[in-house]
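Each chain, letter by letter, is given below.
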Amino acid sequence: MDPTLVTVIVTGVFSLLGLSTRLAFKAVRERAEVRRAELAQQGLSERVRLLPPGSRLSERSSGQAVEILVGGADHSGER
C-alpha cells in the first residue's frame, strides 16, 4: 500500500473516532442536564404537595425564579 493512502486512512479513522467521542460526550452531558431538571421539578412538586391550600412557594435558583400559589377556594387561575 502507498504510505500516503495509509496516512489518509489512519487520519480519517482517528477523525471519525474523535467525532464520535465528542458526540457521545455531548449526549451524556445533555442527558445529565435533563435529569437534573427533572429532579429539581420533582422536588418542587413534592414540596408543593405538602403545603396547605392558599400557601405561596417562592424559589430562586441558578437564574430561574418560580412562584407557586397552592390552590384554595378560587380555582379560576386569576391572580
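Residues numbered from 1 in each chain as written. Predicted model: local features only at pLDDT ≥ 70, side-chain atom pairs only at ≥ 80, totals over all residues. Heavy atoms only, no water.

S.K.: What should I look at first to understand the overall build of the chain in this one?
M.R.: For the chain, the count of helices and strands is one helix and two strands. Sequence-ordered secondary structure for the chain, helices as α and strands as β, is α-β-β. In the chain, buried positions account for 8% of the 79 residues. Counted over contacts in the chain with a minimum sequence separation of 6, partners at least 24 positions apart contribute 3%. Total accessible area on the chain is roughly 7000 Å²; 60% of this is exposed by carbon and sulfur atoms. (Helix = DSSP H or I, 4+ residues; strand = E, 2+ residues; numbered from the N terminus. Buried < 20%, exposed > 50% of the residue type's maximum accessible area, 1.4 Å probe, protein only. Contact = heavy atoms within 4.5 Å. Areas by Shrake-Rupley, 256 points an atom, 1.4 Å probe, with all protein chains shown as cover.)

S.K.: Teacher, can you tell me more about the layout of surface pockets here?
M.R.: Left-over empty space is what a probe sized like a water molecule reveals as it rolls over the atoms. Taken as a whole, the second largest pocket encloses approximately 180 Å³ of empty space. Around the second largest pocket sit Ala37, Ala40, Gln41, Leu44, Glu59, Arg60, Ser61, Ser62, Gln64 and Val66, which together line it. Where the lining of the second largest pocket is concerned, the elements lending two or more residues are α1 (3–49), β1 (56–61) and β2 (64–69). If one sorts the elements of the lining of the second largest pocket by residue count, α1 sits on top with four residues. Classifying every residue of the lining of the second largest pocket by side-chain character gives four nonpolar, four polar and two charged. (1 Å grid on protein atoms, 1.4 Å probe; cavity = no way out; pocket = protein on both sides within 12 Å on 5 of 7 lines; lining within 4 Å. Points joined across faces, edges and corners; volume = space filled by probe spheres on them. Nonpolar A, V, L, I, M, F, W, Y, C, P; charged D, E, K, R; others polar.)

S.K.: I keep staring at the side chain of Ser55 and nothing clicks. Help me out?
M.R.: By secondary structure assignment, the location of Ser55 is in the loop between α1 and β1. At a separation of 2.8 Å, a polar atom in the side chain of Ser55 contacts the main-chain carbonyl oxygen of Pro52. Leaving out residues up to four positions away in the same chain, Ser55 has contacts with Ile68, Leu69 and Val70. (Polar contact = N/O pair within 3.5 Å; in protein donor to acceptor, adjacent residues only side chain to side chain.)

S.K.: Before we go on, may I ask you to explain α1 in this structure?
M.R.: In an α-helix there are 3.6 residues to a turn, and that puts residues three or four apart on one side. Counted at 1.5 Å a residue, the expected span for α1 with its 47 residues is 69 Å, and the 69 Å between its end C-alpha atoms agrees. All buried positions along α1 are accounted for by Gly43, Leu44 and Val48. For α1, the secondary structure elements touched by its buried residues are β1 and β2. (Expected span 1.5 Å × (residues − 1).)

S.K.: How should the pairing of β2 be read in this particular structure?
M.R.: Regular strands place their side chains on alternate faces of the sheet. In terms of burial, β2 is largely open, as just zero of its six residues are buried. Direction of pairing for β1 relative to β2: antiparallel, over a ladder of six bridges. Of the residues in β2, the one forming a bridge with Ser58 is Glu67. Where β1 folds back on β2, the antiparallel hairpin that results is connected by two residues, among which Ser62 adopts a positive phi of roughly 45°. (Pairing = 2+ DSSP bridges.)

S.K.: Teacher, can you tell me more about the pattern of salt bridges here?
M.R.: Once their charged atoms are close, side chains differing in charge can pair, the charge on each being opposite to the other. For the structure shown, the criterion picks out three salt bridges. Notably, a salt bridge pairs Glu38 with Arg35, separated by 3.4 Å at the nearest N-O pair. Within this pair, Glu38 and its partner Arg35 are both found in helix α1, separated by three residues, close to a single helical turn. Take Glu38: its relative accessible area is 36%, and that puts it in the partly exposed class. We note a salt bridge from Glu59 to Arg47, for which the minimum N-O separation is 2.5 Å. Separated by twelve residues along the polypeptide, Glu59 in strand β1 and Arg47 in helix α1 bring together distant segments of the chain. Overall, the relative accessible area of 28% leaves Glu59 in the partly exposed class. (Salt bridge = Lys/Arg side-chain N within 4 Å of Asp/Glu carboxyl O.)

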